[in-house]
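Residue strings, one per chain:
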Amino acid sequence: MKISCIILDDEPLAREGLKDYIADIAFLELVGEFKSALEANNYLKDNQIDLMFTDINMPKMSGLQFVKNLESPPIVIFTTAYREFAADSYELNGFDYLVKPISFDRFLKSVNRVFEKLNTEKPSSADHFFVKVDGVITKVSFDEVLFIEGMKDYIKIHRTNGVKLITLISLKQIQSQLPSTEFIRVHRSFIISKNCVDSIEGNIIHMGESQVPIAPNMRNEVMEEILGDKLWKRG
């Protein structure tokens, strides 16, 4: 499971430090970095994320004020050089409070707790989603999705019945809303339904009459997610 996250901090060096830490954690995926609450707010209007690292003491709007004004905030880890803000952060249901300079072991402990939280929460009972296609809001059931293809700002949903739907949303956005138990990103341009895999040949996944490539740098993770302990081998 990949945990999507963003960094909000007006200090370039602080952002670089967190980016280095995030790059070392396989289950974290950095999807954005912002130097102001306004920039982050604009992004969150159109994108759903799992985790936000935010500084507190920033110009115009503090991290505390920003989180307080979010209707549905993600998990929030506050990062700051000021210990005195700790109590305020927990009143806003902040998940953790990291004091700068942040050590890697303290960072790792915090994000491991986030991973445990997201993997133990009750999964959604939803079995479908809606997208707008040519002005019409269309229902799509999870079990009718074969794979999803990214095309810049659009996606093409390939369904098991052969009908394709094209809608204005990014692949990253749709990925954050799909259940990771059923779907996996196998390439920068493709998300597939694990249940629709017929065979895997090299770096090609066969799904009915369709073929989807596996990115070489994602192969090990993809194979583990799809096969798990279901690959029977000769003893």
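Residues numbered from 1 in each chain as written. Predicted model: local features only at pLDDT ≥ 70, side-chain atom pairs only at ≥ 80, totals over all residues. Heavy atoms only, no water.

## Quick word on unusual backbone geometry
Definition in use: Here a strand is any run of E in DSSP of at least two residues, a helix any run of H or I of at least four, and the numbering for each starts at the N terminus.
Each neighbour pair has its own omega, and for lysine 100 with proline 101 the value is -5°, a cis peptide bond. Position of proline 101 among the secondary structure elements: in the loop between strand E5 (96-99) and helix H5 (104-120). Positive phi values are uncommon outside glycine, yet lysine 60 reaches one of about 65°. Residue position: lysine 60 is located in the loop between strand E3 (51-55) and helix H3 (63-69).

## Quick word on the pairing of strand E15 (residues 210-213)
Strand residues, when the strand is regular, have side chains that alternate between the two faces of the sheet. Under the convention used in this document: Strands qualify as paired when DSSP identifies two bridges or more between them.
Here strand E14 (residues 204-207) runs beside E15; their pairing, made up of 4 bridges, is antiparallel. Opposite isoleucine 204, over in E15, you have proline 213 as the bridge partner. Here E14 folds back onto E15 in antiparallel fashion, the turn holding 2 residues, of which glycine 208 has a positive phi close to 60°.

## Here's the deal with the sheet that holds E14
Two modes of strand pairing occur in sheets, parallel and antiparallel, and in both the strands are linked by backbone hydrogen bonds. Counted only if it meets this: In this analysis, axes come from line fits to C-alpha atoms, helices being fitted only over the stretch in contact, and the angle between any two N-to-C directions falls in the range 0 to 180 degrees.
Here 3 strands make up an open sheet; going across it, the order is E13-E14-E15 and the pairing antiparallel. Taken across any chain shown, the strands that pair with only one partner, and hence form the sheet edges, are strand E13 (199-201) and E15. On average, each strand axis in the sheet is inclined to that of its neighbour by 30°, with strand direction left out of account.

## A word on the pattern of salt bridges
Rules: Any Lys or Arg side-chain nitrogen located within 4 Å of an Asp or Glu carboxyl oxygen qualifies as a salt bridge. Exposure classes here rest on a 1.4 Å probe applied to the protein chains alone. A residue is buried below 20% of its type maximum, exposed above 50%, and partly exposed in between.
A full pass over the atoms with the stated rule returns 11 salt bridges. As a salt-bridge pair, glutamate 11 and lysine 100 come within 3.9 Å of each other at their nearest N and O atoms. Of this pair, glutamate 11 sits in the loop between strand E1 (3-8) and helix H1 (12-23) while lysine 100 sits in the loop between E5 and H5, and the two are 89 residues apart along the sequence. With a relative accessible area of 40%, glutamate 11 lands in the partly exposed category. Of the charged contacts, one joins arginine 113 and aspartate 96 as a salt bridge, the two residues approaching to 3.3 Å between their closest N and O atoms.

## Overview of the environment of alanine 14
This is how the line gets drawn: In this analysis, two residues are considered to be in contact whenever any of their non-hydrogen atoms come within 4.5 Å of each other.
Here alanine 14 lies in helix H1. Among the residues examined, alanine 14 registers a relative accessible area of 16% and is labelled buried. Once the C-alpha coordinates of alanine 14 and isoleucine 102 are considered, the two residues, 88 residues apart in sequence, prove to be 9.4 Å apart. If we skip the residues at most four places from it in the chain, alanine 14 touches Asp9 and Lys100.

## Re H1
Note the following rule: To estimate how far a helix should reach, multiply one less than its number of residues by 1.5 Å. In this description, one arc is meant: the one made by directions from the helix axis to the C-beta atoms.
When the terminal C-alpha atoms of H1 are compared, their 16 Å separation across 12 residues agrees well with the 16 Å that a helix rising 1.5 Å per residue should span. Of all the residues in H1, the buried ones are Ala14, Arg15, Leu18 and Ile22. For H1, the arc enclosing every buried residue in end-on projection is 95°, short of the 170-degree limit, so these residues lie on one face. Residues of H1 that are exposed and angled more than 90 degrees away from the buried face: Pro12, Leu13 and Ala23. In this structure, the buried residues of H1 make contact with E1, strand E2 (28-34), E3, strand E4 (75-80) and H5.

## Remarks on the packing of aromatic side chains
Rule in force here: Aromatic pairs are defined between Phe, Tyr and Trp rings, using the six-membered ring for Trp, whenever the two ring centres lie within 6.5 Å; interplanar angles under 30 degrees are classed as stacked, those over 60 as edge-to-face, and all others as tilted.
A full pass over the atoms with the stated rule returns 9 aromatic pairs. Note on phenylalanine 27 and phenylalanine 115: the rings are 4.7 Å apart at their centroids and 45° apart in plane angle, and the pair reads as tilted. With a gap of 88 residues between them, phenylalanine 27 in the loop between H1 and E2 and phenylalanine 115 in helix H5 connect regions that are remote in the sequence. Three or more aromatic residues link up through ring pairs in this structure, and these residues are Tyr21, Phe53, Phe104 and Phe107.

## Here we look at the pairing of E4
Where we set the bar: By convention a crossover is right-handed if, when the strands point away from the viewer, the path from the first strand over the helix to the second runs clockwise.
The element E4 is largely enclosed, with a buried count of 6 among its 6 residues. The pairing of E3 with E4 spans 5 bridges and is parallel. Bridge pairing links aspartate 55 to threonine 79 in E4. Assessed by its sense of winding, the connection that carries the chain from E3 through H3 to E4 is right-handed. As paired strands, E4 and E5 are joined by 4 bridges and run parallel to one another. Bridge assignment links threonine 80 to a residue of E5, and that residue is valine 99.

## Some details on the side chain of arginine 185
Rules: The positive count covers Lys and Arg only, the negative count covers Asp and Glu only, and His and the chain ends enter neither. By the criterion applied in these results, polar contacts are pairs of N or O atoms within 3.5 Å in which, for protein atoms, one can donate a hydrogen and the other can accept it, and in which residues neighboring in sequence qualify only through two side-chain atoms.
Relative to the helices and strands, arginine 185 resides in strand E11 (residues 183-187). Although buried, arginine 185 forms no salt bridge, and the nearest oppositely charged side chain, glutamate 29, lies 4.7 Å from it. Of note is the side chain of arginine 185, whose polar atom sits 3.1 Å from the side chain of glutamine 175. A polar contact of 3.3 Å, which involves the side chain of arginine 185, links it to the backbone oxygen of histidine 187.

Keep in mind these numbers describe shape, not what the thing actually does.
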